Amino acid sequence: MKFTLSWLKRHLETEAGAAAIAERLTMLGIEVESLEDPAEALADFTVGRVVAAEPHPNADRLKLCRVEAGGGAVLQIVCGAPNAREGIKVVLATPGARIPANGECLKKGKIRGVESEGMMCSWRELGLGEDHAGIAELDPGAPVGAPVGTVLDLDPVFDVAVTPNRPDWLGVRGIARDLAAAGLGALRPMPVAPVPARIASPIQVRLEFTPETANACPQFAGRYIRGVRNGDSPEWLKRWLLAVGLRPISALVDITNFFAIDQARPLHVFDADKISGDIRARLARPGERVDALNGKTYELDESVTVIADEAGARALGGVIGGEDSGCTEATVNVFLESALFDPTRTAATGRRLNIESDARHRFERGVDPASAVPAMEMATRMILDLCGGEPSEPVIAGAEPDWRRGVPLRPARVRALGGVEVSDRRCVEILAALGCTVREGDGGLEVSPPSWRGDIEGEHDLVEEVVRINGYDNIPVATLPRAPMPQPVLTQIQRRTGWARRDLAARGLVETVTGSVRPTAHAALFGGGRPELMLANPISSDLDAMRPSLLPNLMAAAGRNADRGLRDVALFEVGPAFEGARPEDQRRVVAGLRAGRTGPRHWARAPREVDVFDAKADALAALAAAGAAVDNLRVEAEAPEWYHPGIAGTLKLGPKVLARFGALHPRMLRAMDLKGPMVGFEVFLDAIPPAKPRPTKARPLLNASPLQPVERDFAFVMGREVPAEAAVRAARGADLLIADVAVFDLYEGDKVGPDLKSLALAVTLQPSERTLTDEEIDAVSEKVVQAVAKATGGRLRG
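About the criteria used
- Residue positions are given per chain, counting from 1 as you read along its sequence in written order.
- In keeping with the predicted nature of the model, local features appear solely for residues at pLDDT of at least 70, side-chain atom pairs appear and are counted solely at 80 or more, and the whole-chain, interface and lining totals rest on all residues.
- Each side-chain value is derived from all of the structure's non-hydrogen atoms; neither hydrogens nor water enter the calculation.
- One side-chain nitrogen of Lys or Arg within 4 Å of one carboxyl oxygen of Asp or Glu is enough to make a salt bridge.
- Relative accessibility thresholds used throughout: buried, under 20% of the residue-type maximum; exposed, over 50%; partly exposed, between the two (1.4 Å probe, protein chains only).
- Numbering of helices and strands runs from the N terminus; a helix is a DSSP stretch of H or I covering at least four residues, while a strand is a stretch of E covering at least two.
- Here the nonpolar core consists of buried residues drawn from Ala, Val, Leu, Ile, Met, Phe, Trp, Tyr and Cys, with membership extended through side-chain atoms lying within 4.5 Å.
- Contact between two residues is taken to exist if any of their heavy atoms lie within 4.5 Å; hydrogens are not considered.
- Working rule for helices: expected span equals 1.5 Å times residues minus one.
- Counting of polar contacts relies on pairs of N or O atoms within 3.5 Å, with two restrictions inside protein: one atom must be capable of donating a hydrogen and the other of accepting it, and residues adjacent in sequence are counted only when both atoms are side-chain atoms.
- Patches here: salt-bridge-free residues with over 30% relative accessible area, like charges joined within 9 Å, nonpolar side chains (Val, Leu, Ile, Met, Phe, Trp, Tyr) joined within 5 Å.
- Using a 1.4 Å probe, accessible areas were evaluated by the Shrake-Rupley method; residue-level cover was limited to the displayed protein chains.
- Charge assignment in this entry is limited to Lys and Arg as positive and Asp and Glu as negative, and neither His nor the chain termini are counted.
- To locate a charge, take NZ of a lysine, CZ of an arginine, CG of an aspartate or CD of a glutamate.
- When DSSP finds two or more bridges between two strands, those strands count as paired.
- Two rings from Phe, Tyr or Trp (for Trp, the six-membered ring) form a pair when their centres are within 6.5 Å of each other. A pair whose planes differ by under 30 degrees is stacked, one over 60 is edge-to-face, and the rest are tilted.
- With axes taken as lines fitted to C-alpha atoms, and helix axes fitted only over the stretch in contact, angles between N-to-C directions fall between 0 and 180 degrees.

Engineer: Would you take a moment to explain the pattern of salt bridges for this structure?
Structural biologist: Working definition: two side chains of opposite charge can pair if their charged atoms are close together. Counted by the stated rule, this structure contains 49 salt bridges. Arginine 582 serves as the salt-bridge partner of glutamate 584, at 3.4 Å between the closest nitrogen and oxygen. According to the relative accessible area criterion, glutamate 584 is exposed, its value standing at 53%. Among the ionic pairs, aspartate 618 bridges to arginine 594, the shortest N-O distance being 2.7 Å. Within this pair, whereas aspartate 618 is found in helix H16 (residues 612-625), its partner arginine 594 is found in strand S33 (residues 586-595), the two being separated by 24 residues in sequence. The exposure class assigned to aspartate 618 is buried, which follows from its relative accessible area of 1%. Assessed through its relative accessible area of 17%, arginine 594 is described here as buried.

Right under this line is the structure:
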């Protein structure tokens, strides 16, 4: 919904500027989508005077003009406008100005070999009209050099979003009424005086509906006007229509468009000489057609309301007029229509025929049911003022619908529902300003909403109106009571499950969900298949045993993928594993499996087959995500029989087994008809000890040191049977300054002797208080050498 500031002030007496009005509209619940001030777009344009206009030396249709720009400056401008002549005042754009019509920045240039230092603009180029036949001519009294915005009557344009429950906001008067009620001015009176008849109407109106369809058009008011002159509209009307995006057509059509925007009241004018007999409102006949004003022909059915004469349908009621009865410049006799149409039927017609029009937009939201006759009288007077003519008496069929109702309001409910204290007197003032009739009754107020407020149906609606007009910013801030912190809903094991699931997914493993039963043969391979784990009533003969491990399910899933050409997979599952029939024999397990290679072939890095270290890394990652202290874990070269001996291990914290990992035994692969390599892991979430309080996102441990870390490399010679983990653990515990220890090289060969290996460690020292001296670094290095030698029997390699 668009309207200009001057249009608004036709209804609202106020000194407020556009910005203040926009702010108040927002506070009233009317969303201002944009406020465009044309003066801002013309800030770079000034008034110029054409001193001379001579023929262009190289072009017959161009003129070489000298234009006074103010301050003694005279510019040379090449112009092709036919009205460019000496002495006129023009709108002058100099290089650097941005033309509103196309957004281009004006630059100096040569036109047919002659330099042009500026531009004289037309109304279209300024975005102020459609006239492009010549340059804009300003008032002769306009001062040269003055900004154009100070000499033109430029009008800010508001564009507001209207909610479906407020059809009265689709008219400028409805918006002005709310602004006046909110104290931003006074609503100007709009008297509606009946127009005296001067002739009898040769056209009558009938409503041809059954009682069941009478609501399609409950009232039709019209008037015949003889001897009109349908020329151009006055400039003020054309300017207002252009500002809101409507193209001026002719005075008669522009008047109907004006009332649609001004009063939210669609009207229509017929060329009376093109009407055969009387006008009747009825439902369309099957197969009936209408040639609409948009140039399209529509085939109708009996659900569509039409305005017809004896020859057939002439217009779609509430949607669009017909082309064969429309007004043209030759029209001299007209019939003015002001009718009411059913919102539901209008909306259905518009949707079915895919017609969007201003009339449909308003009728389907609900037009003021008491507006038919007043709108006809006001439109008649405007037609007489602009087009002349002789009016007939009103021709009215049907009756105004019964819209009157009473809604009780207890002023105390304003406080209870709105949270703001408003006096009874103020409530009455607000509702009266909105057009309501208010009477005092027993226990409160009896309010009769106006005809244009069909959305007010109950007491809560009245409370909303009082609070809205009183000002949302006047509602006191209320602090809600803070409830005690709720107890955690998830258990520790549930949180650990989520942490592990997210971490494994981030490592590229795909989560699977499989059943907790397996064939007995598969369960027996993984330590199951005992009688107490057999199902008494299996759903399938080959799914008769509770699974003792999640790995056979993952292996079967990897096999199904391999059968379909996807040999390289990485899967994981979170679920229960069953070691016995007692509740405590059910364990919460995170299991994972990798099969095939680490990735597709690539020119920069060749893929490799998955190995035990991939499974170990996955197991450690899942443990770390679940909150286990992985730095304290011990790796032992032992594993159940379904893992390959010597290529598997167990992660323990003291005597507790937290995880197992390794390459799956070839015997298991053959039993399940699978091809390797396959590696897997099992993490037992319920075996992880409760986590101790530690830094979290809410309470981070900010101990980052500003000092640069120091890294030292060590190579130790030790027995081949000594696990590298023993050396890493010993080095890490040698001193508090040691932040990290990593293995970066392993050598076994004749240079270190038989049954020996050389293990290289990178030790990172992180000072926190001051930079370490060489002596302090050497002291820590000596501690590392001694600790590793004591734990492994190794020696520093020379």
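Engineer: Explanation requested: the nonpolar core in the structure shown.
Structural biologist: Ranked by size, the top nonpolar core spans 70 residues in total, and within it Phe3, Leu8, Ile21, Leu25, Ile175 and Leu179 carry the most contacts. Broken down by element, the residue count for this core peaks at seven residues, all from helix H9 (residues 372-387). Residue contacts for leucine 8: discarding those within four places in its chain leaves Phe3, Ile21, Val172, Ile175, Ala176 and Leu179. By size, the runner-up hydrophobic cluster in this structure holds 53 residues, among which are Phe526, Val590, Ala687 and Ile688.

Engineer: Sorry, what's going on with H16 here?
Structural biologist: Owing to its 3.6 residues per turn, the α-helix brings residues three or four apart onto one side. End to end, H16 covers 20 Å across 14 residues, agreeing with the expected 20 Å (1.5 Å per residue, within 8%). Buried residues of H16: Val612, Asp614, Ala615, Asp618, Ala619, Ala621, Ala622, Leu623 and Ala625, and no others. Against helix H13 (492-506), S33, strand S35 (643-653), strand S36 (656-664) and strand S37 (678-684) lie the buried residues of H16. Near the N-terminus of H16, the side chain that reaches the backbone nitrogen of phenylalanine 613, with its oxygen 3.1 Å away, is that of aspartate 611. With its phi angle positive at about 100°, glycine 627 sits one or two positions after the end of H16.

Engineer: Honestly, a negative patch on the surface in this entry has me stumped. Any pointers?
Structural biologist: Together, Asp631, Glu711, Asp713 and Asp740 line one region of the surface with negative charge. With respect to the helices, strands and loops of the structure, aspartate 740 is situated in strand S39 (residues 738-747). Owing to a relative accessible area of 38%, aspartate 740 belongs among the partly exposed residues under this scheme.

Engineer: Help me understand the pairing of strand S20 (residues 305-309), please; the structure alone is not making it clear to me.
Structural biologist: Looking along a regular strand, one sees side chains alternate from face to face of the sheet. The element S20 is largely enclosed, with a buried count of five among its five residues. Alternating positions in S20 separate into two faces, Thr305, Ile307 and Asp309 on one and Val306 and Ala308 on the other, with burial throughout. Relative to strand S21 (residues 312-316), S20 is paired through four bridges, and the arrangement is antiparallel. Within S21, the residue paired with aspartate 309 across the bridge is glycine 312. Hairpin connection of S20 to S21: two residues between the antiparallel strands.

Engineer: What am I meant to see in the packing of aromatic side chains here?
Structural biologist: The geometry of two aromatic rings is summed up by the distance between their centres and the angle between their planes. A full pass over the atoms with the stated rule returns 11 aromatic pairs. Residues tryptophan 7 and phenylalanine 258 carry aromatic rings whose centres are separated by 5.4 Å and whose planes lie at 0° to one another, so their mutual orientation is stacked. Here tryptophan 7, found in helix H1 (residues 5-9), pairs with phenylalanine 258, found in helix H6 (residues 251-262); they are 251 residues apart in sequence, far enough to count as distant. Note on tryptophan 7: relative accessible area 0%, which makes it buried. Here phenylalanine 341 and phenylalanine 363 contribute two aromatic rings whose centre-to-centre distance is 5.2 Å and whose plane-to-plane angle is 85°, an arrangement assigned as edge-to-face. Within this pair, whereas phenylalanine 341 is found in the loop between strand S23 (333-339) and helix H7 (343-353), its partner phenylalanine 363 is found in helix H8 (residues 358-363), the two being separated by 22 residues in sequence.

Engineer: Which parts of the structure should I look at to understand the sheet that holds strand S1 (residues 2-4)?
Structural biologist: Note: strands within a sheet are paired through backbone hydrogen bonds, in either parallel or antiparallel orientation. Spatially, three strands are ordered S1-S12-S3 in an open sheet, and the strand pairing comes out antiparallel. Both outer strands of the open sheet, S1 and strand S3 (31-36), are each paired with one neighbouring strand and no more. For this sheet, the mean angle separating the axes of adjacent strands, direction not counted, is 25°.

Engineer: Looking at this model, I keep getting lost on the sheet that holds strand S17 (residues 279-283). Mind explaining?
Structural biologist: Spatially, five strands are ordered S14-S17-S20-S21-S22 in an open sheet, and the strand pairing comes out mixed. The open sheet is flanked by strand S14 (205-208) and strand S22 (320-321), the only strands paired with a single partner. Summarising the sheet, S14 and S17 pair through four bridges and their orientation is parallel. If you follow glutamate 208 over to S17, its bridge partner there is arginine 282.

Fair warning: the whole summary comes from geometry, so function is off the table for now.
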